[in-house]
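Coordinate inspection notes
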There are 8 protein chains.
Amino acid sequence: MSKATNTAVKVGIIMGSQSDWPTMKEAADVLEELGVAHEVKIVSAHRTPDRLWEYGKTAVDRGLQVIIAGAGGAAHLPGMMASKTRVPVIGIPVQTRALSGVDSLYSILQMPRGFPVATMAIGAAGAKNGGLMAAGILALQDAELAARLDKWRNDLSASIADEPDRDLI
Amino acid sequence: MSKATNTAVKVGIIMGSQSDWPTMKEAADVLEELGVAHEVKIVSAHRTPDRLWEYGKTAVDRGLQVIIAGAGGAAHLPGMMASKTRVPVIGIPVQTRALSGVDSLYSILQMPRGFPVATMAIGAAGAKNGGLMAAGILALQDAELAARLDKWRNDLSASIADEPDRDLI
Amino acid sequence: MSKATNTAVKVGIIMGSQSDWPTMKEAADVLEELGVAHEVKIVSAHRTPDRLWEYGKTAVDRGLQVIIAGAGGAAHLPGMMASKTRVPVIGIPVQTRALSGVDSLYSILQMPRGFPVATMAIGAAGAKNGGLMAAGILALQDAELAARLDKWRNDLSASIADEPDRDLI
Amino acid sequence: MSKATNTAVKVGIIMGSQSDWPTMKEAADVLEELGVAHEVKIVSAHRTPDRLWEYGKTAVDRGLQVIIAGAGGAAHLPGMMASKTRVPVIGIPVQTRALSGVDSLYSILQMPRGFPVATMAIGAAGAKNGGLMAAGILALQDAELAARLDKWRNDLSASIADEPDRDLI
Amino acid sequence: MSKATNTAVKVGIIMGSQSDWPTMKEAADVLEELGVAHEVKIVSAHRTPDRLWEYGKTAVDRGLQVIIAGAGGAAHLPGMMASKTRVPVIGIPVQTRALSGVDSLYSILQMPRGFPVATMAIGAAGAKNGGLMAAGILALQDAELAARLDKWRNDLSASIADEPDRDLI
Amino acid sequence: MSKATNTAVKVGIIMGSQSDWPTMKEAADVLEELGVAHEVKIVSAHRTPDRLWEYGKTAVDRGLQVIIAGAGGAAHLPGMMASKTRVPVIGIPVQTRALSGVDSLYSILQMPRGFPVATMAIGAAGAKNGGLMAAGILALQDAELAARLDKWRNDLSASIADEPDRDLI
Amino acid sequence: MSKATNTAVKVGIIMGSQSDWPTMKEAADVLEELGVAHEVKIVSAHRTPDRLWEYGKTAVDRGLQVIIAGAGGAAHLPGMMASKTRVPVIGIPVQTRALSGVDSLYSILQMPRGFPVATMAIGAAGAKNGGLMAAGILALQDAELAARLDKWRNDLSASIADEPDRDLI
Amino acid sequence: MSKATNTAVKVGIIMGSQSDWPTMKEAADVLEELGVAHEVKIVSAHRTPDRLWEYGKTAVDRGLQVIIAGAGGAAHLPGMMASKTRVPVIGIPVQTRALSGVDSLYSILQMPRGFPVATMAIGAAGAKNGGLMAAGILALQDAELAARLDKWRNDLSASIADEPDRDLI
């Protein structure tokens, strides 16, 4: 569990393999920053399908509110998780070598009627936004988190300079 | 407002133009089926930008919990709405003529860090899943809706025949 | 079970939904033509994940030698089946509306190390070839089937006219 | 404002973030070279939407004749600016990591009827051409600039060697 | 020349072949609507290259202010025209059969440094926007046209209903 | 052999199957029009590989000067023919259902060093141009054919109207 | 022949050129690991077509059970081999420079009815999976190999950590 | 003119800019190797259109038999040259940064009926094959060149090792 909180885990960050971590780290970091309790697990759809099954079947009872799932290539993890639980699943398409993550994207995005996956942009920007989307969902029930999220967004806007620094090329 | 409920509107379904309605209708229909109060509006990012601004700025105060935004081509509506409110925005890429909705998809999906849009599949399947994702988010705070959603999912699974009907070609 | 044979089922043809049948029928037809015992089932990765689990876990014990799995969109069925059994899985990408089956293709093809899916061409040609590939695998242990397959291939070659019929436009 | 001129700013170069500057610099440089008064600003569609609104609403009154807007990914800046002002908007799709700028391109190009964006090539060549297109538009009312632009074009043509230098590999 | 005006032609609409007319008609129609004097010509880059040469070389002297050029496939007309004149060239990628106009788009868009083409969306929407972009450029020198264009834009915005007509499917 | 000539066959038009004929007919028609002796054959790379072998090995001795080969999907015919003979091979990518002929194109175009295939546009326009390219190659040794080809090109240019017929929509 | 076994060669690994070896090595390595007798050859469809013919025609008699064929670009080797023998052919699309292996993929995958190629993922992961698919096919007749393959799969699953190592970025 | 020969120039190698030379060098080198007289020129469609015009109009009279034209991006050079002369034009799509040469490819390949361009693979392999295709065309009238080309092809085939060198990774 994240050291940022001592409360119950609300968000599960899962990924297909260790190699997804540099991408998915951005989701964990922004949840940390916003003080959202979360856990980080490797759950491989193909290599550990029973772990996926177990994770999905217990998600509601464990009190998970959002699952952020990252995967690359034939990225079955987010969609299979959405099949196993009604907890909202956010999918992060990890960039790949030959197809730049378009394979990951299509595998995550093109879900059939009945099993939505909230798909984010390809790569690290998508992972960060996955964390922010999770926070936005939790903020619906948590006024303090809502305030922190509003501040985070305002700070981002305030950080934008009026003109580019012309020496940064 | 939807006639299905007499409670406050929780979900805003918005779209860029009348031509998006045949797609977006699936979102409205499944929310109706699940008894989720919603409204349906045309908000065009380019033709009615001030309407977009107003919708986004008042979303939190009006009590909206989820916004489902559908658009096609240079589909700016979902992303601009995500810029104006922290209410979770679900984006539906409407299929287009020349580029089959890949243009809509990239415009909705590839948001920069800070402003997530929960992107669904291209076209009507995506719109239906947008409605289900909205229901899943609301179900986190509404046990009765959660039960209805669980039943909806179970009914879907139970409806699948064991073998295809070989005469349906 | 197919009426063509009274022997044990060797090939399982599975598909995600009824709508895949017009495509997958070509696999069944060519196996029928070659006298290969097979069954035809609907197994949906997302709507009936437990059926998928059961099918995969019992495949070896039931004596299945090849599984032909067709699916469209975020086509998780072939890859998840490959995760659950070492019986060779042949994947058929069903053509889709917005993305022409490229989504199905990438979801089936781009499997990670450890879980191969023998991917065929998009659509009906791929389904027919899936049946032929299954027959080719079984023919390694069945000289009579090998002879029938050789004849089938020779007949196909012999059927090619020397010149096109110029009136067929 | 550019130091190249002491006259009123005619061209606004805007971009979504500092990271677009290495690309957009080519637009500024060629305007400098041609003696066209311009300003360079960061205006983020998502992070500073009110700045975008203000910029668009005041463009006519401030005497801007052309706006060159560069952005990457879900590049909403050029299109939203075109929605807010009738001043001609030139869009520059900035190259991106996963999708090479095809995402930027589609988001900028595929505008609905009513709100044209004059889209240039992806990346730095597009930015330079954006500057030249702006100069071409201004030259319609400025015979001296027209002469400078003609000379610039003639010099470019004259600089082309008859044969490649075979040692430059 | 258009019957809408009795003043000098300001805009040349050119296209590679008769088959481009159903697309390019939208450019002519909106210029007609806005009272902008224009001409409509067939100029084929490959079949009538000398006509292209002549058109380009005389454009400035004939007083053309904008050229709108539509073409499909290996669409060389807009780019070659941009090479022959400094009059701003707007390019319209006509939709094609096999490649949906992506071939037209890349041929028009990806111009090298020195010769910008203001590329619009693929197909009829792009042609209409080409007419509007031309009007926007001319409006920089014509206050009455500017007023008509502002009204056209305001009327478009005002025409957008608040909700979709649910019976229009 | 074509009835248009009584001289030796100079051009071989080959295709993978009867279904390619509606496309490849354009090559035959333009050769007929230009009076170039040709033959039309079905040669399937996969179904009649020995026929391909024989055709390639005898091409030089039979006096063939150009081979026009059309195929769709995994279109191996043009490239394999180029491997078997030094007679110039022109490849025609036939449009396909799922991938619009991009599969045919890549299979024909992306030949390794040593075995060029002169690839034409996807579909019927490419087939016609294949015939014209063959005529252009033969015209290098045949002044009368060169004159006929020059006339054909001039007639095409002369047929282009000055303005589109506005009633042809 | 592989030094790993002293039994008859069951699997032929072939590739179009030396440059495919870094990719195809993964197929050889995993067969080595699983104790499957195999050979490794260069067979170029275009440069050594007669070698391809000979290899295909003798495959059954030589006792080959599976052929794994890797190629890049206009990758004709797997499909032509499938045309020459009924021994199951597994195709490996080698990644290419300009088109990232999508050219290889389409050339291998899109086979016409009659000649299936069991296509694997683009690049090295596909080559490894090609070896595993070959092993899975052979395991249908070899209980000891089946046990080794089951163990290999179980070991892979068991190697997956519960959480990512957060220091591996 | 190439120093390799003292005979009349038969092949013109032209390219849009110096930056195309590293690609186009392969065409020059293989012509050198085969003893084919050629010249190498920069002819830019956009920057030196009059040079293009002149080159095309004099090609027949100068005795050119083949023109090899390389270009990148909106690669108009090959197609415009094909419009100006009936001398066969071979097009080489130069690889580009953002779109990997797919832009070059479509601009060169998708020519309308009447003006064929013999398109080669993207990049350096295509340039080499352009040289070989030119040699193959010239060999139709030159038995000695035909013999040299046959030898070149045989040498290539003979150079292919039987097995890959396993140490070359």
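Residue positions within a chain follow its written sequence, with the count starting from 1. In the order they appear in the text, chains get letters beginning with A and ligands get numbers beginning with 1. For this predicted model, a pLDDT threshold of at least 70 governs which residues receive local features, and a threshold of 80 or more governs which side-chain atom pairs are given and counted, while totals over whole chains, interfaces and linings are taken from all residues. Hydrogens and water molecules were not included; the side-chain quantities draw on all heavy atoms of the structure.

1. What to know about the UniProt feature "binding site: substrate" (unreviewed entry) in chain A
All names here are of chain A.
- Cross-referencing UniProt, the feature "binding site: substrate" (unreviewed entry) maps to Ser 17, Asp 20 and Arg 47 in the present numbering.
- Note on placement: Ser 17 falls in the loop between strand 1 (11-15) and helix 1 (21-34).
- Every residue pair with non-hydrogen atoms within 4.5 Å of one another is taken to be in contact. Residues contacting Ser 17, with those up to four places away along its chain left out, are Ile 42 and Arg 47.
- A distance of 2.6 Å separates a polar atom in the side chain of Ser 17 from a polar atom in the side chain of Ser 19.
- Relative to the helices and strands, Asp 20 resides in the loop between strand 1 and helix 1.
- Only protein chains enter the accessibility calculation, which uses a 1.4 Å probe; a residue whose area is less than 20% of its type maximum is buried, one above 50% is exposed, and one in between is partly exposed. Residue Asp 20 is classed as buried on the basis of its relative accessible area, which comes to 6%.
- Setting aside chain neighbours within four positions, we find Asp 20 in contact with Met 15, Gly 70, Ala 71, Gly 72 and Val 94. UniProt positions are given in the numbering used here, feature names are shortened, and annotations may be inferred rather than shown by experiment. Runs of H or I in DSSP of at least four residues are treated as helices and runs of E of at least two as strands, each being numbered from the N terminus. We define a polar contact as two N or O atoms separated by no more than 3.5 Å, with the added condition that, inside protein, one atom must be a possible hydrogen donor and the other a possible acceptor, whereas residues neighbouring each other in sequence contribute only through side-chain atom pairs.

2. A short note on the relation of the copies chain B and chain A
- The transform that puts chain B on chain A rotates by 180° and translates by 0.0 Å along the axis, for an RMSD of 0.0 Å. Taken together, the turn and the small shift mark the pair as related by a two-fold rotation axis. For the least-squares superposition of copies, only C-alpha atoms count, and only for residues with pLDDT at least 70 in both.

3. What to know about the arrangement of the chains
- Contact between chain B and chain G is absent, and the least distance between their C-alpha atoms amounts to 18 Å.
- There is a gap between chain D and chain G: no contact, and a shortest C-alpha distance of 13 Å.

4. What to know about the relation of the copies chain C and chain G
- Superposition of chain C onto chain G requires a rotation of 180° combined with a translation of 0.0 Å along the rotation axis, giving an RMSD of 0.0 Å.
- Residue by residue, 100% of the interface of chain C is reproduced at the interface of chain G, so both copies engage with the same surface.

5. A few points about the packing of helix 1 (residues 21-34) of chain G against helix 6 (residues 143-158) of chain G
All names here are of chain G.
- Helix axes are fitted only over the stretch in contact, all axes being lines through C-alpha atoms; the angle between N-to-C directions runs from 0 to 180 degrees. The contact between helix 1 and helix 6 brings their axes to 10 Å, and the two run at 115°. The orientation of helix 1 relative to helix 6 falls into the category roughly perpendicular. Taking contact as the criterion, the partners of Val 30, Glu 33 and Leu 34 in helix 1 are, on helix 6, Leu 145, Arg 148, Leu 149 and Trp 152.
- Just so you know the grouping, Ala, Val, Leu, Ile, Met, Phe, Trp, Tyr, Cys and Pro go in nonpolar, Asp, Glu, Lys and Arg go in charged, and all remaining residues, Gly too, go in polar. Here the contact of helix 1 with helix 6 is composed, by residue class, of five nonpolar, no polar and two charged. Should an angle fall under 35 degrees it is called roughly parallel, over 145 degrees roughly antiparallel, and 65 to 115 degrees roughly perpendicular, with every other angle called oblique.

6. Looking at helix 6 (residues 143-158) of chain B
All names here are of chain B.
- An expected span of 1.5 Å times one less than the residue number is assigned to each helix. The end-to-end C-alpha separation of helix 6 is 22 Å, in line with the 22 Å expected for 16 residues at 1.5 Å each.
- Buried within helix 6 we find Leu 145, Ala 146, Leu 149, Trp 152, Arg 153 and Leu 156. Projected onto a plane normal to the axis of helix 6, the buried residues spread over an arc of 120° and lie on a single side. Exposed and oriented more than 90 degrees from the buried face of helix 6 are Ala 143, Glu 144, Asn 154 and Ala 158.
- Backbone nitrogen of Glu 144 and a side-chain oxygen of the N-cap are separated by 3.1 Å at the start of helix 6; the cap is Asp 142. This arc corresponds to the set of directions leading from the helix axis out to the C-beta atoms.

7. A closer look at the pattern of salt bridges
- Note on definitions: salt bridges are taken to be side-chain nitrogens of Lys or Arg within 4 Å of carboxyl oxygens of Asp or Glu. All told, the structure shown has 64 salt bridges over all chains when counted by the stated rule.
- One network of salt bridges, in which partners are shared, links Lys41(A), Asp162(G) and Glu163(G).

8. Considerations on the interface of chain C and chain G
- Facing 42 residues of chain C, the contacting portion of chain G comprises 42 residues.
- Here chain C and chain G share an interface that buries about 3,500 Å² over both sides, 61% of which is from carbon and sulfur atoms.
- Arg113(G) serves as the salt-bridge partner of Glu26(C), at 2.7 Å between the closest nitrogen and oxygen.
- Inspection of the chain C/chain G interface yields 21 residue pairs in polar contact (both at pLDDT 80 or more).
- The set of elements that each furnish at least two residues to the side of chain C that touches chain G consists of helix 3 (77-84), helix 4 (102-109), strand 5 (118-119), helix 5 (124-139) and helix 6 (143-158) of chain C.
- Class assignment of the residues belonging to the side of chain C that touches chain G gives a composition of 26 nonpolar, nine polar and seven charged. Accessible area that two parts lose when put together, with a 1.4 Å probe and added across both, is what the buried area reports.

9. Some thoughts on the pairing of strand 2 (residues 38-42) of chain H
Residues and elements named next belong to chain H.
- Burial of strand 2 is extensive: five of the five residues sit out of reach of the surface.
- Pairing geometry for strand 1 (residues 11-15) and strand 2, over five bridges, is parallel. Bridging across to strand 2, Ile 14 finds its partner in Lys 41. Note on pairing: DSSP must find at least two bridges between two strands before they are called paired.

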